Amino acid sequence: MATTEEQLSSSEFKALGRDDANDIASILADDAIDFGDLAHLTHVGADAVFTWDYDRTRAGLAKLYERAKTSQWNGSTDLDWSIDVDVEAVAVEMQAAIAHLRQRLVDLPNSPLKSWSDKEWTFMAIEAFNWRMSQFLHGEQGALICTAKIVETVPWIDAKYYASTQVMDEARHVEVFSRYLDTKLDGHYPVNPALQLLIDDIIRDDRWDMTYMGMQIMIEGLALAAFGFMHMATQEPLLKKLLRYVMSDEARHVAFGVLSLKEYYEGLEGNEIRERQEFAFEAALRMRDRLMMHAVWEKCGIDPETITRMLFEIRKPGVNPFQAALFSKIVPNCKKLGLLDAGDGWLRDRFTEIGVIEYEDAPDTEIEYALLDAVAQDREAEAAKA
Ligand SMILES: [Fe+2]
Ligand SMILES: [Fe+2]
């Protein structure tokens, strides 16, 4: 059987402009990109659309909008910021949740991790915690800016209404992650290049649906998965409630993306669909590269090339829980949008090649959304007590 590397090389499409999507030199080159110390500018590549059609014709979006209005929460008062956080304990419990991944890295021949003691692993766990929360923060700002762009560029009034509620949600998410990093953690990381490159692509694109595809489906799909993993792995009460509330919003955001794009993609064909499939695949690769955490490994004395090779070696479906969680959201949503099998099934072939097609029937976002209406559940519980 051909290796993943050979299969990817043999397809004509050059994902991310790379001859080989797994080319390690290209992945490492992204690490050198400077996104600035204080600000980073990206040109917004689309027209603002005014619509004079104010008729409310999209019932699904209208329902989401109503739900969003009653599910607003306040990051200042709904979370108990007086809680003391034992950062080391939280970091170690998160690392314990991926112990089997850690073991596979240690077991590789010549692994530099073989000599690590608990001290090194604890240091790494704390850095990984800082890094993950920092990427959540930067990703949330990306969502804030993308959603503001959706308000401007989507042609439907129901979608403009809904997206405006999401702008408020994302501002709140930036606020709470920033506050947690500033008051509970001791270390910030700059934005991961793969994440920012994807956000920049999304902002620059002049097609309104690509903002949805990149942000609502790909980045928010990953965010929902990553928040879910952290929520499951930690017992820290402030972080747990923060994540539960953020996830409740994010599930609504992904549902907004699926609902809008499903309608729009039904009207597209041929090349137009293929362009969306390619965009989805490239975004998935960026997300995969983002999960390599080069900055953290480097701080722990492991050079990025070594860890990239190690991660490729242990990459099998089901081994890396973050990768599994990521694709268990993205693949079913692409299927729902009709992108997986459209045309000649190009996207199905690519996802098969990188070993993630098995997630196509993972539980979909709407099921989770119903389970996750955290704010409503808490309000009902409070009302019952009173
Ligand atoms: Fe968010
Ligand atoms: Fe979101």
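The present account deals with the structure reproduced in this document. The structure displayed is predicted, hence computed values, not measured ones. (Residues numbered from 1 in each chain as written. Chains lettered and ligands numbered in written order. Predicted model: local features only at pLDDT ≥ 70, side-chain atom pairs only at ≥ 80, totals over all residues. Heavy atoms only, no water.)

1. A short note on the coordination of the iron ion (ligand 1)
Then comes step 1: Taken together, E140 (OE), E170 (OE), H173 (ND1) and E250 (OE) make up the full set of protein donors to the iron ion (ligand 1), lying 1.9 to 2.3 Å away.
Then comes step 2: Each of the four donor atoms bound to the iron ion (ligand 1) contributes to angles spanning 88 to 143°, and the resulting shape is irregular.
Then comes step 3: Within one chain, the residues serving as donors to the iron ion (ligand 1) are arranged as E-x29-E-x2-H-x76-E.
Then comes step 4: The distance between the iron ion (ligand 1) and the iron ion (ligand 2) comes to 3.1 Å, with E170 serving as a donor to both metals. With E170 in helix α7 (residues 157–184) and E250 in helix α10 (residues 237–266), the pair connects residues that are 80 residues apart, well separated along the chain.
Then comes step 5: A residue is classified by how much of its surface remains accessible, and E170, at 0% relative accessible area, is buried. (Donors = N, O, S within 2.8 Å, 3.2 Å for Na, K, Ca; no water. Tetrahedral: all angles 85-135°; square planar, octahedral: opposite > 155°, others 65-115°. Helix = DSSP H or I, 4+ residues; strand = E, 2+ residues; numbered from the N terminus. Buried < 20%, exposed > 50% of the residue type's maximum accessible area, 1.4 Å probe, protein only.)

2. Quick word on the packing of helix α8 (residues 193–204) against helix α11 (residues 270–290)
Then comes step 1: Two elements in contact, α8 and α11, have axes whose closest approach is 8 Å; the angle formed by their N-to-C orientations is 155°. By the angle class used here, α8 and α11 are roughly antiparallel. Between α8 and α11, the contacting residues are A194, L195, L197, L198, D201 and I202 on the first element and F279, A283, R286, M287, D289 and R290 on the second.
Then comes step 2: Within the contact of α8 with α11, the residues separate by chemical class into eight nonpolar, no polar and four charged. (Axes fitted to C-alpha atoms, helices over the stretch in contact; angles between N-to-C directions. Parallel < 35°, antiparallel > 145°, perpendicular 65-115°, else oblique. Contact = heavy atoms within 4.5 Å. Nonpolar A, V, L, I, M, F, W, Y, C, P; charged D, E, K, R; others polar.)

3. Description of the packing of helix α6 (residues 118–153) against α8
Then comes step 1: The geometry of α6 relative to α8 is characterised by a closest axis approach of 10 Å and an angle of 0° between their N-to-C directions. On the basis of the axis angle, α6 is roughly parallel to α8. Contact with α6, carried on its side by Q135, H138, G139, G142, I145, C146 and K149, involves L195, I199, I202 and I203 of α8 and no other residues of that element.

None of this, on its own, says anything about what the molecule does.
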